[in-house]
Amino acid sequence: MTIALRSDDLLLVVDVQYDFLPGGSLAVTDGDQVIGPINALGRKFANVVLTQDWHPKGHISFASSHAGKAPFETVQLSYGTQVLWPDHCVWGTKGAELSAALDLPQAQLTIRKGYHPKVDSYSGLQEADRQTKTGLAGYLKERGIGRVFVTGLATDFCVNWTAQDAARAGFETYVVTDACRGIASGTALEAAYAEMEAAGVARITSSEIAG
Ligand code: VGL
Ligand code: ZN
């Protein structure tokens, strides 16, 4: 497939923050390798939006907030099963900052998510309670965006939920595989791609985008 870009296309860059990069508290293997492809894509898109995972200290998604729990275990919360993580992307810390290696000068919006103390938000559009909106879908609609190309970290969590929600919100949605990396690998990562495809997200590589 070769995709010719249009003026209603948008590049969505998910959570390229120090805590998800090598050396970070929730480092994604080879997470830094998304930056080159994202910067190259950035030169082709007029519309760019970023998301930023943005948690208060003591956030409910942190294992440290649950006595006797370790990272990667789960707890049941009012909105369902929550995976527990090492403390990450805490307001005001270096780990929460977007990578300075991103070269996206035209980026128009950074949408922060996960700032409610008792609700997580993998998705850039809708929080984990599946009710509370971030406002991003409304922004994209008001901007007349038709197609959303999703990149960033991590494929199996924030990229996955963001892409699914974008498709459900009515945008023609693509996940650009070489511009994403997952926390899981192998069959678990494939399962995430299968979930996205089942939600109507098309799976492409950067090389399929013309320009
Ligand atoms: C993410 C786990 C916790 C992500 C964010 O960006 O994929 N994963 N918070
Ligand atoms: Zn998080």
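The preceding data block contains the structure.
Just so we're clear, the structure is a prediction, and the values are computed from it rather than from any experiment.

Q: Help me understand the packing of helix H3 (residues 155-168) against helix H4 (residues 186-198) in this model?
A: Relative placement of two packed helices is described by the angle separating their axes and the distance separating the axes. H4 packs onto H3 with a crossing angle of 5° between their chain directions and a minimal axis gap of 9 Å. What the angle tells us is that H3 and H4 run roughly parallel. Here Thr155, Asp156, Val159, Asn160, Ala163 and Gln164 of H3 lie close against H4, whose contacting residues are Leu189, Ala192, Tyr193, Glu195 and Met196. Looking at the contact of H3 with H4, its residues break down into 6 nonpolar, 3 polar and 2 charged.

Q: Explain the site of ligand 1 here, please?
A: In the vicinity of ligand 1, the residues found are Asp15, Phe20, Leu26, Asp53, Trp85, His88, Tyr122, Leu153, Ala154, Phe157 and Cys158. A distance of 3.4 Å separates an oxygen atom of ligand 1 from a polar backbone atom of Leu153. Separating an oxygen atom of ligand 1 from a backbone N or O atom of Cys158 is a distance of 3.0 Å. Taken by itself ligand 1 offers 260 Å² of open surface, and the protein chains cover 100% of this. When each cavity is represented as a set of grid points, ligand 1 is found to reside in the largest cavity. Among the residues forming the shell around ligand 1, the class breakdown is 8 nonpolar, 1 polar and 2 charged.

Q: Got a minute to help me understand empty space enclosed by the protein in this structure?
A: Where empty space is left becomes clear once a probe the size of a water molecule has been rolled over the atoms. Within the structure shown, the criterion is met by 1 cavity of 30 Å³ or more. Along its surface, the largest cavity is lined by 14 residues, and Phe20, Leu26, Tyr122, Phe157 and Cys158 are the ones closest to its centre. Residues of the lining of the largest cavity, tallied by class, amount to 9 nonpolar, 2 polar and 3 charged.

Q: Sorry, what's going on with the pattern of salt bridges here?
A: Should their charged atoms come close, side chains of opposite charge can pair. Summed over all chains, the structure comprises 9 salt bridges. For Asp103, the salt bridge goes to Arg43, with nearest N and O atoms at 3.9 Å. Taken together, the residues span a long stretch of sequence, with Asp103 in the loop between strand S4 (80-83) and strand S5 (109-113) and Arg43 in the loop between helix H1 (35-42) and strand S2 (48-53) at a distance of 60 residues. What makes Asp103 partly exposed here is its relative accessible area of 42%.

Q: What is the right way to read H1 from this model?
A: Three- or four-residue spacings in an α-helix give side chains the same orientation, since the helix completes a turn every 3.6 residues. Inspection of H1 places Ile35, Ile38, Asn39, Leu41 and Gly42 among the buried residues, and these make up the whole buried set. The buried residues of H1 all sit within an arc of 160° when viewed along its axis, so they share a single face. In this fold, the buried residues of H1 make contact with strand S1 (9-14), strand S6 (147-153) and strand S7 (172-181).

Q: Mind showing me how you'd approach H3 here?
A: Here H3 lies mainly inside the structure; 12 of its 14 residues are buried. The complete set of buried residues in H3 reads Thr155, Asp156, Phe157, Cys158, Val159, Asn160, Thr162, Ala163, Gln164, Asp165, Ala166 and Ala167.

Reading the values: rules and limits
Residues numbered from 1 in each chain as written. Chains lettered and ligands numbered in written order. Predicted model: local features only at pLDDT ≥ 70, side-chain atom pairs only at ≥ 80, totals over all residues. Heavy atoms only, no water. Axes fitted to C-alpha atoms, helices over the stretch in contact; angles between N-to-C directions. Helix = DSSP H or I, 4+ residues; strand = E, 2+ residues; numbered from the N terminus. Parallel < 35°, antiparallel > 145°, perpendicular 65-115°, else oblique. Contact = heavy atoms within 4.5 Å. Nonpolar A, V, L, I, M, F, W, Y, C, P; charged D, E, K, R; others polar. Near = heavy atom within 4 Å. Polar contact = N/O pair within 3.5 Å; in protein donor to acceptor, adjacent residues only side chain to side chain. Areas by Shrake-Rupley, 256 points an atom, 1.4 Å probe, with all protein chains shown as cover. 1 Å grid on protein atoms, 1.4 Å probe; cavity = no way out; pocket = protein on both sides within 12 Å on 5 of 7 lines; lining within 4 Å. Sits in = over half its atoms within 2 Å of the grid points. Points joined across faces, edges and corners; volume = space filled by probe spheres on them. Salt bridge = Lys/Arg side-chain N within 4 Å of Asp/Glu carboxyl O. Buried < 20%, exposed > 50% of the residue type's maximum accessible area, 1.4 Å probe, protein only. Arc of directions from axis to C-beta.

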